[in-house]
Each structure stands twice: as structure tokens, then as C-alpha cells.
Amino acid sequence: MAHVPNLRYVDPHKRRGRLYLAVGRFSTTKAGLWLAEQVAWKLDPLLLRLTGGRFSTTGPVASALLETRGARTGRPRRNATLYFHDGDRVTIIPSLRGWARNPAWYHNLRRHSDVVYGGVPFRAEIVEDTAERERLWNLADRVYPQYATFRDQAAAAGRTIPMVRLVPR
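Note that the structure is a prediction, hence the values are computed from the model and not measured.

(A) Molecular detail of the overall build of the protein chain. Of the regular secondary structure elements, the protein chain holds five helices and seven strands. Ordered by position in the sequence, the α and β elements of the protein chain form the string α-α-β-β-β-β-α-β-β-α-α-β. Taken over the C-alpha atoms alone, the protein chain extends approximately 35 × 35 × 30 Å along its principal axes. In the protein chain, which comprises 169 residues, the share counted as buried stands at 44%. Put simply, 70% of the contacts in the protein chain that link residues at least 6 apart link residues at least 24 apart. The distance from the centre of the 28 positive side-chain charges to the centre of the 14 negative ones in the protein chain is 8 Å.

Structure representation (C-alpha cells):
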């Protein structure tokens, strides 16, 4: 796993600009969903790796490379995810666009909690406490308002979207 730290601080309390909000809104349109699924999810891990985490298809919305070990194979896996900071901890959300299932990387980090995110080593913890989840959802919605839509879609499909806190190790 690469260890080239390049994880910019994402303050959930910072006001987001028009371009940022427009990119977020576009990402939930039919065209944006198609582009994400068919292009971005495949291209971003490569772009983030090649550019040392400086460039991805998410534009102004912060994303970083999550490096895990496969839950079944133990092989290295790389996925781009959105994130935000909460003090020295990083929060990532396995929303998978509100689908009925969790993304594979969620199962990987549950099995192997030592991960590298943005070139920085972390230990992944699943947030279980209801009050803490609510607090983190409030922060997440400030960073990426479309999470609210994903929560509704997941709930309609019978899934509760988990929250993952990355603690420095």
C-alpha cells in the first residue's frame, strides 16, 4: 500500500461555493449517476494514485484513495471515497448511492480494520452510537447534501447506511 500522505483537511463547517454545490447536485442527476457508475468509480482510484491524491473526477468535492485488504482474498483494494474531518479523525460513508447493499470496501475494512486513506495509516471503526451517528450525519450533510437523498433511498430499500470513523494509528 502506498504511503504518500496527501489528505487535505475538509472542514464540515466551511461554507461551500456555487461550483461545489452544483457538482453535488449534478452527481444525483440521471447523467451524473451514469457518469459516476460507468466512469468515475473506475477512473478515480487510478487518478488519485497517479496524482498523489491531488486530482479526481469529483472536482471541488474532496475525495481520497481508500486502501484496504479484500475481506475474502486479502489482496490490496483501492477505492475513492468522499470524506470529511472531525478533529483528527476522518469520516467516510459507505452510501453506495443509497442502494440496497453496502459497497465491497465496507466489508473489507470491517474484516481488516487497518487501512490507508489518502496515504495516511488509520484504523477503521464503525460508528454505532445513535447520538454520535446523528451528529456525524449533520456534518456529512454540510459537506455533501446529497447524502440525505441517499439515506432516504437506502431506508426505502431496507438498509441503514453505516458510518465509518478513521482514527490515526
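Having put the structure on the table, let's press on.
(B) Summary view of a nonpolar patch on the surface. Judged by side-chain polarity, Phe26, Trp34, Leu35, Val39, Leu43, Leu46 and Leu50 come together as a nonpolar surface patch covering roughly 660 Å² of accessible area. Of all the elements, helix H2 (residues 30-50) adds the most residues to the nonpolar patch, at six residues. With respect to the helices and strands, the residue Trp34 is situated in helix H2.

(C) How the structure looks around the pairing of strand E1 (residues 63-69). Across the seven residues of E1, six count as buried, placing the element largely inside the fold. Taken together, the seven bridges between E1 and strand E2 (residues 76-82) define a ladder with antiparallel strand orientation. When the sheet's bridge partners are listed, Ala64 is paired in E2 with Thr81. Where E1 folds back on E2, the antiparallel hairpin that results is connected by six residues, among which Gly74 adopts a positive phi of roughly 80°.

(D) How the structure looks around the packing of aromatic side chains. Per the counting criterion, the structure on display carries five aromatic pairs. Judged by centre distance (5.9 Å) and plane angle (70°), the ring pair of Trp137 and Tyr147 falls under edge-to-face. In this pair, Trp137 sits in helix H4 (residues 130-143) while Tyr147 sits in helix H5 (residues 147-156), placing the two residues 10 residues apart along the sequence. The same class applies to Trp137 and to Tyr147, which are both buried.

Thresholds applied
- Residues numbered from 1 in each chain as written.
- Predicted model: local features only at pLDDT ≥ 70, side-chain atom pairs only at ≥ 80, totals over all residues.
- Heavy atoms only, no water.
- Helix = DSSP H or I, 4+ residues; strand = E, 2+ residues; numbered from the N terminus.
- Buried < 20%, exposed > 50% of the residue type's maximum accessible area, 1.4 Å probe, protein only.
- Contact = heavy atoms within 4.5 Å.
- Lys, Arg positive; Asp, Glu negative; His and termini not counted.
- Charge placed at Lys NZ, Arg CZ, Asp CG, Glu CD.
- Patch = residues over 30% accessible without salt bridge, like charges linked within 9 Å, V, L, I, M, F, W, Y side chains within 5 Å.
- Areas by Shrake-Rupley, 256 points an atom, 1.4 Å probe, with all protein chains shown as cover.
- Salt bridge = Lys/Arg side-chain N within 4 Å of Asp/Glu carboxyl O.
- Pairing = 2+ DSSP bridges.
- Phe/Tyr/Trp six-rings, centres within 6.5 Å; stacked < 30°, edge-to-face > 60°.

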